[in-house]
Amino acid sequence: MIKTVPVSLNRTIDDSYEISIGAGIFSEKVQGVFSTLKPTRVAIVTDTHLYKIYRDTLNVTFGNDARIIVYPAGESKKNFRTINGMFGELQEAGLDRKSCIVAFGGGVTGDMAGFLAGIFLRGVRFIQVPTSLLAMVDSSTGGKTGVDTPGGKNLMGVFHQPKSVIIDTDFLRTLPKRELINGMAEVVKHGIIADRDYFTLVEKKRTKIKKLDPDTMIEVISGSCRIKSAVVSADEKEAGLRQTLNFGHTIGHAVEAASDFKIPHGYAVAIGMAAEAYISQKRGYLSGKEFERITRVLKAYGLLKYAALSDKLDAGRIIHASARDKKNVASNVRFVVIPEIGKVREENGVYSFDMKEGELLDALQKVKEF
Ligand SMILES: NC(=O)c1ccc[n+]([C@@H]2O[C@H](COP(=O)([O-])OP(=O)(O)OC[C@H]3O[C@@H](n4cnc5c(N)ncnc54)[C@H](O)[C@@H]3O)[C@@H](O)[C@H]2O)c1
Ligand SMILES: [Zn+2]
């Protein structure tokens, strides 16, 4: 005999949240968000670099009752062992289901604090306070959280949306220059895949961006957040449109891995964007003029600094790494095709297309010229 019992879980969840962007808004915005959330307890996750610089700021803003959890800065600590340690600290600090976790730092902090919030007591609320440009324009929006495993990057994780994202451009003043440039890769990417005017803005305002002019940074960061949030709202779980955010990342991830992660993510993605744009051109979708405009901007921001190195990397390793990328379904190497700046190629709801090995090698040869 077989009996079936239906478990009806058809529900509507509203996970909407706001991203606030401004200069010097941190403390006031935190107070505002907490007056709505009314958390019982608060834990802040941050890394050693940030703790050293912002310890007083954190104490003043969150008060003595908040627990500050500090982990040693760096991607190598983005793993389950660190999460396990943090878990113990949350219990020790007496956090309950009505508590709130604050991610204060770059993308590594955001991914770990969000993951921790997603699994602690089966999920507690968290807010993102991104402090690196990459975290401001990319990782803090979208709800992807997680850690690396020996098998690869970001393989363990959950989707868990923050309750609020607070972006204070003043934090960028202490960010190392290299990290600023690193974040610019995703900014340029957003222009290429979604918004021609935004690309032009990024192209024109280089001097002001490099000087961290507050109003320019607010404009640039809010533009990127608008583009990313539009994509994520349309496709939260990466079924279609969200793949476009992966532009430059197929080759970029492979270059990053083949360099044993010596080439930082943004710089590797820039190489990837130049290479994937080149393949788009070779296939007859992108004009030579548009391709040049893309590479000119990447170069102007210093993002193609490692391009010459791509020739010294083992091509076999690059191919192997791109085929293993978890976003490549069934081992086919797929990538986003750009027909013109601000647009992506779409065919029946599909936004990524097979890349041939020869095309990949050819593109890497081309990129080393930059
Ligand atoms: N969840 C997502 O959707 C998503 C998207 C893109 C990237 N990511 C993840 O983000 C991570 C990379 O982020 P990241 O580049 O910000 O790395 P990170 O968090 O390690 O920060 C980079 C460095 O900058 C320092 N730093 C950050 N803000 C600072 C500030 N204001 N002043 C001084 N120093 C500061 C950090 O201490 C660190 O040394 C990767 O793990 C990646 O997988 C996630
Ligand atoms: Zn990226």
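Residues numbered from 1 in each chain as written. Chains lettered and ligands numbered in written order. Predicted model: local features only at pLDDT ≥ 70, side-chain atom pairs only at ≥ 80, totals over all residues.

Student: Give a description of the domain arrangement of the chain that names residues and reports values.
Tutor: Domain annotation of the chain identifies domain 1 (18-174) and domain 2 (181-367). On a C-alpha basis, the centres of domain 1 and domain 2 stand 27 Å from each other. The interface is formed by 20 residues belonging to domain 1 together with 20 residues belonging to domain 2. Sorting the residues of the side of domain 1 that touches domain 2 by element identifies β1 (18-22), α5 (133-139) and β7 (152-159) as the ones contributing at least two each. Its residues placed into classes, the side of domain 1 that touches domain 2 shows 11 nonpolar, seven polar and two charged. (Domains from an automatic or database assignment. Contact = placed C-beta atoms within 7 Å. Helix = DSSP H or I, 4+ residues; strand = E, 2+ residues; numbered from the N terminus. Nonpolar A, V, L, I, M, F, W, Y, C, P; charged D, E, K, R; others polar.)

Student: A description of the sheet that holds β1 should follow, citing residues and the corresponding values.
Tutor: Judged by pairing direction, the sheet is parallel, and its six strands sit side by side in the order β1-β8-β5-β4-β2-β3 without closing on themselves. Of all strands in the sheet, those bounded by a partner on one side alone are β1 and β3 (67-71). The average undirected angle you get between the axes of adjacent strands in this sheet is 15°. Each of β1 and β8 (164-168) is contacted by helix α9 (residues 214-234), which is oriented at about 165° to β1, the strand it contacts most. (Pairing = 2+ DSSP bridges. Axes fitted to C-alpha atoms, helices over the stretch in contact; angles between N-to-C directions.)

Student: With reference to specific residues and values, describe the site of ligand 1.
Tutor: The full set close to ligand 1 counts 28 residues, and His49, Gly106, Gly107, Ser132 and Ser139 are the nearest of them. Among the secondary structure elements, those contributing two or more residues to the shell around ligand 1 are α2 (48-62), α4 (107-119), α5, β7 and α6 (177-194). Of the residues in the shell around ligand 1, the class split is eight nonpolar, 12 polar and eight charged. (Near = placed C-beta within 6 Å.)

Student: Account for unusual backbone geometry, with residues named and values stated.
Tutor: Note: most residues except glycine have negative phi, and most peptide bonds are trans. Positive phi, close to 50°, is recorded for Leu121, a residue that is not glycine. Within the element layout of this structure, Leu121 appears in the loop between α4 and β5 (125-130). On the neighbour-count criterion, Leu121 (13 C-beta atoms within 10 Å) is partly exposed. Although it is not a glycine, Asp260 adopts a positive phi angle of roughly 55°. By secondary structure assignment, the location of Asp260 is in the loop between α10 (249-258) and α11 (265-282). (Buried ≥ 20, exposed ≤ 12 C-beta atoms within 10 Å, placed from the backbone.)

Student: With reference to specific residues and values, describe the pairing of strand β6 (residues 144-149).
Tutor: With five bridges connecting them, β6 and β7 associate as antiparallel partners. Note that in β7 the partner of Gly146 across the bridge is Gly157. Linking β6 to β7, which pair antiparallel, is a turn of two residues.

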